[in-house]
Amino acid sequence: MGASHSHRNKHCHSHQSPINICTKKARHDPILKPLNIQYDSKTSKRIVNMGHCFNVEFDDTADMSVINDGPLTGKYRLRQFHFHWGSTDADGSEHVIDGKVYPAELHIVHWNSHRYPTFEEAAKHPDGLAVIGVLLKIGEKNPVLQTIIDNLGQVKTKGKEHMLIKYELSSMLPKDLNYWTYPGSLTTEPYFECVTWIVLQHAIPISSAQLTQFRGLLCTAENEKPVPILENHRRVQRLHDRVARSSCT
Ligand SMILES: NS(=O)(=O)c1ccc(NC(=S)OCCc2ccsc2)cc1
Ligand SMILES: [Zn+2]
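Reading the values: the criteria
- Residues numbered from 1 in each chain as written.
- Chains lettered and ligands numbered in written order.
- Predicted model: local features only at pLDDT ≥ 70, side-chain atom pairs only at ≥ 80, totals over all residues.
- Heavy atoms only, no water.
- Donors = N, O, S within 2.8 Å, 3.2 Å for Na, K, Ca; no water.
- Tetrahedral: all angles 85-135°; square planar, octahedral: opposite > 155°, others 65-115°.
- Helix = DSSP H or I, 4+ residues; strand = E, 2+ residues; numbered from the N terminus.
- Buried < 20%, exposed > 50% of the residue type's maximum accessible area, 1.4 Å probe, protein only.
- Salt bridge = Lys/Arg side-chain N within 4 Å of Asp/Glu carboxyl O.

## Things to note about the coordination of the zinc ion (ligand 2)
Each protein donor to the zinc ion (ligand 2) is listed here as His-82 (NE2), His-84 (NE2) and His-107 (ND1); together their distances run 2.0 Å. Around the zinc ion (ligand 2), the four donor atoms sit at angles spanning 96 to 116°, and that spread fits a shape best called tetrahedral. Considered as a linear motif, the donors of the zinc ion (ligand 2) on their single chain read H-x1-H-x22-H. Pair noted here: His-82 is in strand E6 (residues 76–85) and His-107 is in strand E8 (residues 104–111), with a separation of 25 residues, a long-range link. His-107 shares its class with His-82; the two are buried.

## Some words on the pattern of salt bridges
Counting across every chain of the model gives eleven salt bridges. Notably, a salt bridge pairs Asp-40 with Lys-42, separated by 3.4 Å at the nearest N-O pair. With a relative accessible area of 61%, Lys-42 lands in the exposed category. Salt bridges linked by common partners bring Arg-46, Glu-57 and Glu-161 together as one network.

Pasting the structure below:
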């Protein structure tokens, strides 16, 4: 679409996610700060089968688990995390790094409680949400992930939920918090362009056997013919006028 339509572009779909991140073009921006992550394990509440994925939800009624600094202004409150995966280990991540696809991706969803009263309100604004994307690579069994996987049996069918007490989300993150950041969108309905994406440059391990258990979740309800959630990742979107920046050289 030519420049003459850029006004229309502005309001519709020019900042969609995920994208392929060309690491050579993602320049280091010295204004970017280190990411500050403060998660309180007491805020973990439950795991829910959403039908297209499962969400691990947190108590976001106050600024107890938050992130700030990095590319952000003010505090963003932890709401939920979830994963995207593929039907085989050859596919699955949403973000792609220099054309390399990873077998899965973790999304940790936060909303701007500094400026907006609720998640729903924040999701209507470009600075409303901040999602940390963590790429997963096939490796040794991940004990922190195993705690989540051990609970999947309790949420096998769509709509089922199960309590999750004192989950230490911070222990799932890599030590190295260097990241790429760019302005984008939700990668599922309603695709709102409200996300500051923070994609970590260091991947975390998951074993192939653990990943297989994600595919055992059903997108159907208890009383329906069982259909597994074999994959739930969106294809990469056009960059348009955007630039991805790096937190390090
Ligand atoms: N895959 S993603 O991280 O971009 C992502 C994150 C959140 C959501 N949606 C959430 S948490 O809420 C859905 C309902 C809603 C309400 C107002 S805007 C969206 C969708 C996709
Ligand atoms: Zn996601």
